[in-house]
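Analysis of the macromolecular model
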Amino acid sequence: MSLSPGFVLAPSLLSADFADLAGAIRAVEEGEAGALHLDVMDGHFVPNITFGPALVKAVRARTRLPLDIHLMITDPLRYIRDFAQAGGDTLAFHLESSSDPHQVLERIRAEGKRPGIALRPKTPLSAMEPFLSDVDEVLVMTVEPGFSGQLFHPEVVPKIAQARKALDGLGSQATLSVDGGVTPETIGPAARAGANFFVCGNAVFSPDHSPQEGLARLREGYRKAMDGALR
Ligand code: DX5
Ligand code: ZN
């Protein structure tokens, strides 16, 4: 079976060697990644601190892959322009981080970018229903935001299925992303629930194999799960 249209593996640079990001980008391009995922953390909305627009700009200069920017920051509105001008393609902010999500969505559109909303594992889909028809990405987190290398929370899978149903009901073409603990094993349940965009950190950047091999294993896990679903 061929991979479904819209299927994307998006390596998260958070798990790469920060001293050799150019090498990491080259490797995942060779491994046929469909996008890059960049985790922006401010030490406030989440306990960890990563990077800001300057790094996004440097990455933009090195690749033509779409950049999926995951904003784990307080007051995202304040930084939308900076991340848009740095070269992000999709800007996803956390529903829990904004008092006025409509305004943030509008700002992202006004910058000519694809708006997305991310949900922590415990935030129900119902919380974003008023915004569902206005987004180009729903990013369902399957770990608590903050760190790579955590274990996938299987109890979030029904929320992915709910999001798929809701998006299809609206006739929306929005990307349904899953982020956190995606491996060749956990990609199956997420894909069968209807996700089509898979963020992958430690499953790609690992001391055990090359990024190309990591991506091939994820693709194989996806294929197996979807073949099984069709039988
Ligand atoms: C966690 C980040 C994820 C993370 C993914 O807060 O949003 O994107 O880097 O890494 P893995 O796949 O290792 O969980
Ligand atoms: Zn992320």
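Before going into details, it helps to say that this report is about the structure given with it. A quick note: this is a predicted structure, and the numbers were derived from the prediction, not measured. (Residues numbered from 1 in each chain as written. Chains lettered and ligands numbered in written order. Predicted model: local features only at pLDDT ≥ 70, side-chain atom pairs only at ≥ 80, totals over all residues. Heavy atoms only, no water.)

**So, the nonpolar core**
Within soluble globular proteins, side chains that are nonpolar tend to cluster in buried spots. Basically, it comes down to this: Here, the term nonpolar core denotes a set of buried Ala, Val, Leu, Ile, Met, Phe, Trp, Tyr and Cys residues that are joined through side-chain atoms within 4.5 Å. For every residue, the accessible area (1.4 Å probe, protein chains only) is compared with the maximum for its type, and the residue is labelled buried under 20%, exposed over 50%, or partly exposed between those bounds. Contacts are residue-level and defined by heavy atoms, with any inter-residue pair within 4.5 Å sufficient.
Core analysis: the biggest nonpolar cluster contains 64 residues, and Leu 13, Leu 36, Leu 38, Ile 69, Ile 117, Met 128 and Phe 198 have the highest contact counts within it. Not counting residues within four places of it along the chain, the set of residues in contact with Phe 198 comprises Phe 7, Val 8, Leu 9, Ala 10, Val 178, Val 182, Ile 187, Ala 190, Ala 191 and Tyr 222.

**Examining helix H5 (residues 157-170)**
Selection criterion: The numbering of helices and of strands both runs from the N terminus, where a helix is a DSSP run of H or I of at least 4 residues and a strand a run of E of at least 2. A helix is expected to span 1.5 Å multiplied by its residue count minus one. Arc definition: it is the arc formed by the directions from the helix axis to the C-beta atoms.
Under the 1.5 Å per step criterion, the end-to-end length of H5 is 20 Å for 14 residues, consistent within 8% with the ideal 20 Å. Within H5, burial applies to Val 157, Lys 159, Ile 160, Ala 163, Arg 164 and Leu 167. The buried residues of H5 occupy an angular sector of 155 degrees when the element is viewed end-on, so they sit on one face. Exposed and oriented more than 90 degrees from the buried face of H5 are Pro 158, Lys 165 and Gly 169.

**Considering the packing of aromatic side chains**
Condition: Paired rings are identified among Phe, Tyr and Trp, the last through its six-membered ring, by centres lying within 6.5 Å, and are further divided according to the angle between planes into stacked (under 30 degrees), edge-to-face (over 60) and tilted (the rest). Two conditions define a charge located above a ring, namely a distance within 6 Å from the ring centre to NZ of Lys or CZ of Arg, and an angle within 35 degrees of the ring normal.
Per the stated rule, a full pass over the model turns up four aromatic pairs. Taken together, the ring pairs connect Phe 7, Phe 198 and Tyr 222 into an aromatic cluster. For the cation-ring pair, Arg 120 lies above Phe 45, with the distance from its terminal atom to the ring centre recorded as 4.7 Å.

**Notes on the coordination of the zinc ion (ligand 2)**
We count it as follows: Nitrogen, oxygen and sulfur within 2.8 Å of a metal are treated as its donors, or within 3.2 Å for sodium, potassium and calcium (Na, K, Ca); water is not counted, so a site can appear incomplete. The rule is simple: four donors are tetrahedral if all their angles sit between 85 and 135 degrees, four are square planar and six octahedral if opposite donors span more than 155 degrees and the others lie between 65 and 115, and anything that fits none of that is irregular.
Every protein donor of the zinc ion (ligand 2) is listed here as His 37 (NE2), Asp 39 (OD), His 70 (ND1) and Asp 179 (OD), and their distances to the metal cover 2.0 to 2.3 Å. Around the zinc ion (ligand 2), the six donor atoms are arranged such that angles at the metal cover 71 to 173 degrees; this shape is classified as octahedral.

**Focus on the side chain of His 70**
The criterion, for reference: Counted as a polar contact is a pair of N or O atoms within 3.5 Å, where, for protein atoms, one must be capable of donating a hydrogen and the other of accepting one, and residues adjacent in sequence contribute only when both atoms are in side chains.
Tracing the chain through its elements places His 70 in strand E3 (residues 67-72). For His 70, a relative accessible area of 0% translates into the label buried. For His 70, the side chain forms a polar contact with the side chain of Asp 179, separated by 3.1 Å.

**Looking at the environment of Val 138**
Following the sequence through the fold, Val 138 ends up in strand E6 (residues 137-141). For Val 138, a relative accessible area of 0% gives the class buried. Between the C-alpha atoms of Val 138 and Leu 167, which are 29 residues apart in sequence, the distance is 9.2 Å. Setting aside residues no more than four positions away along its own chain, Val 138 makes contact with Ile 117, Met 128, Leu 132, Leu 167, Thr 175, Leu 176 and Ser 177.

**Observations concerning the environment of Pro 76**
The topology assignment puts Pro 76 in the loop between E3 and helix H3 (80-86). Once the C-alpha coordinates of Pro 76 and Phe 93 are considered, the two residues, 17 residues apart in sequence, prove to be 6.6 Å apart. If sequence neighbours within four positions are ignored, Pro 76 has contacts with Phe 93, Ser 97 and Ser 98.

**Here's the deal with the site of ligand 1**
To be explicit about the condition: Put simply, a residue is near a molecule or strand once any heavy atom of it comes within 4 Å of that molecule or strand. Residue exposure ignores everything except the shown protein chains as possible cover, and the areas themselves are Shrake-Rupley values with a 1.4 Å probe.
The environment of ligand 1 is formed by 20 residues, the closest being Gly 146, Gly 149, Asp 179, Gly 181 and Gly 201. Between ligand 1 and the protein, one listed contact pairs an oxygen atom with a backbone N or O atom of Gly 201 at 2.8 Å. Protein chains shield 99% of the accessible area of ligand 1, which is 380 Å² for the free molecule. Secondary structure elements with two or more residues in the shell around ligand 1: strand E2 (36-41), E3 and strand E8 (197-200). Considering every element that reaches the shell around ligand 1, the biggest residue donor is E2, with three residues.

**Considerations on helix H1 (residues 21-30)**
Within H1, burial applies to Leu 21, Gly 23, Ala 24, Ile 25, Ala 27 and Val 28. Once H1 finishes, Glu 32 follows within two positions and takes phi at roughly 65 degrees, a positive value.

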